[in-house]
Amino acid sequence: MSETSKTVAVIEGDDASPEVIQPAVELIDQMNLGINWTYPAVGEAAKAETGKSFPDVSRVMIDEADTTLFGSSSGSSGASLFYLRWGKQTFANVRPCLHLPGCSSPLAHPEGIDFVIVRENLEDLYVGVEGPLADLTPLNLVGRTIRKPIHELGEGRYAIKVITRQGSERVIRFAFELARTRGGQKRVTSTQKHNMLPATDGYFLEIAREIASQYPDIDFETFIVDDFACRMIIQPQHFDVIVMPNLYGDILSDGAAGLVGSLGLAASGCYGEDYAYFEPAHGTAPDIAGQGIINPTATLLSACMMLEYLGFGDAAARLQGAVASVYAEGKHLTPDQNGTASTLEFCAATAQRLGIHMP
Ligand code: ATP
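Just so we're clear, the structure is a prediction, and the values are computed from it rather than from any experiment.

Comments concerning the pattern of salt bridges
Moving on, step 1. Going through the model one piece at a time under the given rule, you end up with 18 salt bridges.
Moving on, step 2. Glu-210 is paired through a salt bridge with Arg-165; the nearest N and O atoms lie 3.0 Å apart. You can see Glu-210 sitting in helix H6 (residues 201–212) and its partner Arg-165 sitting in helix H5 (residues 165–181), a full 45 residues away along the chain.
Moving on, step 3. By relative accessible area, which is 31% here, Glu-210 ends up partly exposed.
Moving on, step 4. Among the residues examined, Arg-165 registers a relative accessible area of 30% and is labelled partly exposed.
Moving on, step 5. The partner of Lys-331 in a salt bridge is Glu-329, with the nearest N and O atoms 4.0 Å apart.
Moving on, step 6. What makes Lys-331 exposed here is its relative accessible area of 62%.
Moving on, step 7. Among the charged side chains, a salt-bridge network with shared partners connects Asp-56, Arg-59, Asp-63 and Lys-88.

What to know about the sheet that holds strand E9 (residues 219–224)
Consider a sheet: its strands pair through backbone hydrogen bonds, and that pairing is either parallel or antiparallel.
Moving on, step 1. Strand order in the open sheet formed by ten strands is E2-E1-E3-E12-E11-E4-E5-E10-E8-E9, with mixed pairing between adjacent strands. Since the sheet does not close on itself, it has two edges, and those belong to strand E2 (36–38) and E9, each with one partner. When the angles between neighbouring strand axes are averaged without regard to direction, this sheet yields 25°.
Moving on, step 2. Here strand E5 (residues 114–120) pairs with strand E10 (residues 241–244) via four bridges, running parallel. Within the sheet, the bridge partner assigned to Val-116 lies in E10 and is Val-241.

A look at the pairing of strand E4 (residues 92–98)
Moving on, step 1. Counting buried residues along E4, five of its seven residues qualify, which places the element largely inside the surrounding structure.
Moving on, step 2. Pairing analysis gives seven bridges linking E4 to E5, with the strands arranged antiparallel. Bridging from a neighbouring strand, Val-94 pairs with Val-118 of E5.
Moving on, step 3. Where E4 meets strand E11 (residues 269–271), three bridges bridge the pair, whose relative direction is antiparallel. Residue pairing in the sheet places Val-94 in a bridge with Gly-269 of E11.

The rules behind each value
- Throughout, residues of each chain are indexed from 1 in the direction in which the sequence is written.
- In view of the model being predicted, local features appear only for residues whose pLDDT reaches at least 70, and side-chain atom pairs are presented and counted only at 80 or more, with totals across whole chains, interfaces and linings using the full set of residues.
- Excluded from the side-chain calculation are hydrogens and water; included are all heavy atoms of the structure.
- For salt bridges, the criterion is a side-chain nitrogen of Lys or Arg within 4 Å of an Asp or Glu carboxyl oxygen.
- Put simply, DSSP H or I for four residues or longer makes a helix, DSSP E for two residues or longer makes a strand, and each gets a number counted from the N terminus.
- The cut-offs for exposure are 20% and 50% of the maximum accessible area for each residue type, with area from a 1.4 Å probe on protein chains only; residues under the lower value are buried, those over the upper are exposed, and the others partly exposed.
- Whether two strands pair depends on DSSP finding at least two bridges between them.
- Axis lines are fitted through C-alpha atoms, for helices just across the contact stretch, and the angle between N-to-C directions can take any value from 0 to 180 degrees.

Okay, structure coming up:
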């Protein structure tokens, strides 16, 4: 192994996920970039072997790797995902929405869609503080809109939304830096519900405005999230980089995948200060597991982001170009894209364009 070689920890995930991760790894391995692949055991397999679904040895393998390629997980590999996200503080979830000519979009004119959602990845409603309303009685919290103590509403539950200065600053700055490096329109849009949630989402917007003033070369605009959702559908080509709190980003990035045709096209990378991991934005597609028809595009495009992160920018561009060329030709598309090809046929067509033979 050369000194510059990189190590990628691979977690294949559950249900249909290994059906896309395995051929993606095989394809990239055949590109001869000198990547060393390691396979931390997680989930049911790890539990059967060690009694734990995320044993220490697997955590160390993730720590020692330069990055992790993560297949989607259902419950059993969840602990490893929590580690990759909160343990590694991967605060910026980057979800590109790119129209590849030839892909089957529900829009009449999807040409030129090329924006990136940067979703804050660690806080907001995802801090995981929920419980019965009765627990809040000692705090005597009076709702601004309901104008009475919320524990007087009767039986119910609450969840806490947290927006911190540090968490917002770092993800918003990440979005501005990304806008600088992309060849796009050099525009950052922030979106949140600042009218109804002035103390939290209003704070996010206040920080976005502060940071925008430090980037005079980047256009800044903001929309209330419901307005943004409509604009994203009506005029998706307007957007370049869009930054938002966690929950909105989770929902709207799946919506964005719909604009270009399928969750099977949606790539994703989660970046922290000193670690990043990459995973397709879709779930484990349990309804099509075992059929060999899951679309590998989201995984291959996530792998492109990973190669870029590892310093293999040329290889990332070649792989993305090969995927785009498979769509342009349109002969080897999977059923979610109105084709009849299997996952492996799509991968083989991609490999062929790279001059690689897939066994
Ligand atoms: P999870 O709980 O893991 O998120 P889910 O079924 O709720 O699973 P997804 O796995 O994202 O959510 O699947 C939603 C729908 O999109 C399913 O019908 C699935 O088959 C389809 N889908 C998701 N990813 C792909 C893909 N890569 N190729 C084809 N169809 C896909």
